Amino acid sequence: MKQKKSKQSARILVLEPDEQLGSAILNVLHEAAPEALVEMTRSLEEAQQLVLGVKPELFVLDVDAIQDLGQDFLYDLRTSHPNARAIILTGVHLPEQREQVAGLGAIHFLEKPVAHWDFVELAQRLLQRPTETAAEKFQGTLRDLQFTDIIQLKCMSGATAVVEFTGSNGEKARVFFEKGQVRHATAPGRQGMAAFNEIVRWKGGTVSEVADVPDGPRTIEMDWQQLLMEAVRGADEAAATAPKKSRKKKGNPKILAIDDSLMLLSFVKEVLIEANYDVTTASTGEEAVREAQSSLPDLLLLDFILPDMRGDEVCRRLLENPGTAAIPVVYMSGYGAELQASRSENSNVIGFLNKPFTSDLLIKTVETHMPKKSEEPEQTKPKPAEPEPAAEADFPVEQEPAYREASEVGPEITQMPETPWWTPAPAVDAPVAAPAAFEPAAEQYYIPDASLTGGAYFCGDTRFFSINRALQIIATQKLTGTLQFFWDKQPVELLTQNGQVRFATSRDPELYCPEAPVTLSNVDPDRIAAARAQQQETGSPLFIALAQENLISHEPAMELTQQHGQKLFAELWSAPCVRFSFQEGALPDFATVISGELDVDQFALATLRFVQFPQLGDRAYYDPASVPAYTRDGFERVQNLRLTVAEAQFASQFNGVRSVQQIAKNLRLDLKLASVTLFRFLALEIVECWPGGSVAGGERKGVFQRLGQAIGLGD
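This is a predicted model, so every value here is computed, not measured. (Residues numbered from 1 in each chain as written. Predicted model: local features only at pLDDT ≥ 70, side-chain atom pairs only at ≥ 80, totals over all residues. Heavy atoms only, no water.)

Q: Can you walk me through the environment of Thr 677 in this structure?
A: Tracing the chain through its elements places Thr 677 in helix H23 (residues 671–683). The spacing of Thr 677 and Leu 608 is 69 residues in sequence and 9.1 Å in space, taken between C-alpha atoms. (Helix = DSSP H or I, 4+ residues; strand = E, 2+ residues; numbered from the N terminus.)

Q: Even after reading the chapter, I still don't get unusual backbone geometry, so can you show me in this structure?
A: Among all residues save glycine, negative phi is the norm, and among peptide bonds the norm is trans. Residue Asn 550 is not a glycine yet carries a positive backbone phi of 60 degrees. Structurally, the position occupied by Asn 550 is in the loop between helix H16 (542–548) and helix H17 (554–573). Positive phi, normally seen in glycine, also occurs at Glu 685, with a value near 60 degrees. Note on placement: Glu 685 falls in the loop between H23 and strand E22 (687–690).

Q: Whenever I open this one, helix H4 (residues 116–127) confuses me. Can you help?
A: Along an α-helix, residues three or four positions apart point the same way, because every turn accommodates 3.6 residues. Taking 1.5 Å per residue as the helical rise, H4 with its twelve residues ought to reach 16 Å, and the 17 Å between its terminal C-alpha atoms agrees with that figure. For H4, the full list of buried residues reads Asp 118, Phe 119, Val 120, Leu 122, Ala 123, Arg 125, Leu 126 and Leu 127. (Expected span 1.5 Å × (residues − 1). Buried < 20%, exposed > 50% of the residue type's maximum accessible area, 1.4 Å probe, protein only.)

Q: Honestly, a negative patch on the surface in this entry has me stumped. Any pointers?
A: Taken together, the side chains of Asp 633, Glu 636, Glu 685 and Glu 688 define an acidic patch exposed on the protein surface. With respect to the element layout, Asp 633 can be found in the loop between strand E21 (627–630) and helix H20 (634–639). (Patch = residues over 30% accessible without salt bridge, like charges linked within 9 Å, V, L, I, M, F, W, Y side chains within 5 Å. Areas by Shrake-Rupley, 256 points an atom, 1.4 Å probe, with all protein chains shown as cover. Salt bridge = Lys/Arg side-chain N within 4 Å of Asp/Glu carboxyl O. Lys, Arg positive; Asp, Glu negative; His and termini not counted. Charge placed at Lys NZ, Arg CZ, Asp CG, Glu CD.)

Q: Would you take a moment to explain the pattern of salt bridges for this structure?
A: Within the structure shown, the criterion is met by 21 salt bridges. Of the charged contacts in the structure, one is a salt bridge between Arg 11 and Glu 39, with a shortest N-O distance of 3.3 Å. Here Glu 39 lies in strand E2 (residues 37–41) and Arg 11 lies in strand E1 (residues 11–15), a separation of 28 residues in the sequence. Look at Arg 11 and you get partly exposed, because its relative accessible area is 29%. Residue classification places Glu 39 among the buried positions, given a relative accessible area of 5%. The partner of Arg 317 in a salt bridge is Glu 286, and the shortest N-O contact between them spans 2.8 Å. One end of the pair, Arg 317, is in helix H10 (residues 311–320); the other, Glu 286, is in helix H9 (residues 285–295), and 31 residues separate them in sequence. Arg 317 sits in the partly exposed class, given a relative accessible area of 24%.

Here's what the structure looks like:
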């Protein structure tokens, strides 16, 4: 047992059988807390004996190296050391910023190989005395251990088991695991995902593993990490709306908002709740019909295009039911002609709200179309003055809608000071739109042969041409070939097929995989060396070569190939300068071994999650007053991304008005963490950052003033 000297300070217990990793952990903890007493144990039995006589404030546990580390040990710790905290080291890839997910504050997971800076910062924060930061989520202790922590441990260990949860009121629920995936769940009155979503909200109670239970039906197909994040997101949303509901007055008008965009629903709900409306939401037509029948709202805000049916079908089904036939419907959409036709067919459609819209226009439209209660006196409002013709058009010029309700407040839109929930970047100092240099030339024009540029289909330099732009060209042109990146290390190769990413690799095996992962611990070192030599010669990732020789199984080989390729590619985002060149052509045979392809945006986001704050250097510092705003196609693209809960919450804050500082405050993030998250969206060119004063000031300038500014003529 190895110890470090300490004054009267924190006690830390480390459970790590590997001596080399244990030594590295000691160095990190000594840097994070020089005066702490660190107790190093090599086995679960040794750790259990040690905790009988001491009260560590922090536990550091390697879940991969300890076979029996599971919920029983953690619940023992929860009982005997309720004020302690725990760091779990794991080789399983977890989405970034899990600490920001509510309900996961008791245990903090770090993915191996652990970034030194991340480990130091986390240990420092967990060892802080709960004075000024007592309210932060990082102050969660083992007393707050959630069932989500147990679910993660079961999945990471690849378990096939049935775990029974007993809630604080005696209610029972079960989760069925199969090879590290959640496949079924039961709770009182619920099954499948509905049951799982209910279980993760439970606090308190007991957990036990149940033997000799028949296999349940397969009701859950989602990957466990995505499943857990979706469940926690739902719990977050329920918790977030609870305080607002307590402030509502009885008898507030009820609104049901239906849209398949969660961000739009979040925006609509936030705005209308603040305006003293009771708001419920639905994301499909079926859900909307059920909710309307059960809650009988006063008004429906309905998107015309939904995943399962169109808005006119929803309206028709509402009309068929006498209980919902009288509920008025306002469409939220941009499909003018189809909506006009639908209105003529469905008498319950009384108005339209064109996307995009401001919060003021949303409130005004709801006020206009909300049915007046019989006891509510009709308020007389002064007739709005006719707007005077403008001397010059405001910029950017909004398109005239294909239809307009006489009762809608269209003429007043220009008077609204707030930027729409989706907004193009502010127009002040806006650069003149770039020519379509990267769009394919029409077929009737002469296209120079690729041989003129050394066989490259396209090439560039990140000082002038972003990595994201290169990826977007591959996607839009559906290219098959290799995108090579040249920087201060050995080149990185990205293999693509039909516009999607296969994987990234390098002919430098040490750069690609500097340390052999645990999966290769039982493989002959000579065979590993041969696989590395083959990678140096052909670029084929060493894991593929080992899998082809049946030295490791196919599935972990594919996962390791993707993971190490993404980590390698991640380094390019923070490199000072990268040159790249795309060679079109058939892929090498080893590329076909990987099953499945990734959309370029999904791949890019996955790689950006590996980028840590210290790697960004000066790029990590943004003016706190600057305002992120969606690019022209940014909002459409972000809706198609599989975001983590933290990322989705961050993206929902982009409305062209909130500054970086305000977003960080709203989400309770420090600016450092907010900067790392913002960097992902900037690198993907989903948002742009604009000076803080540009939004309000720009709205008062006309198109000619702005054009003059853009070309240097001043005001």
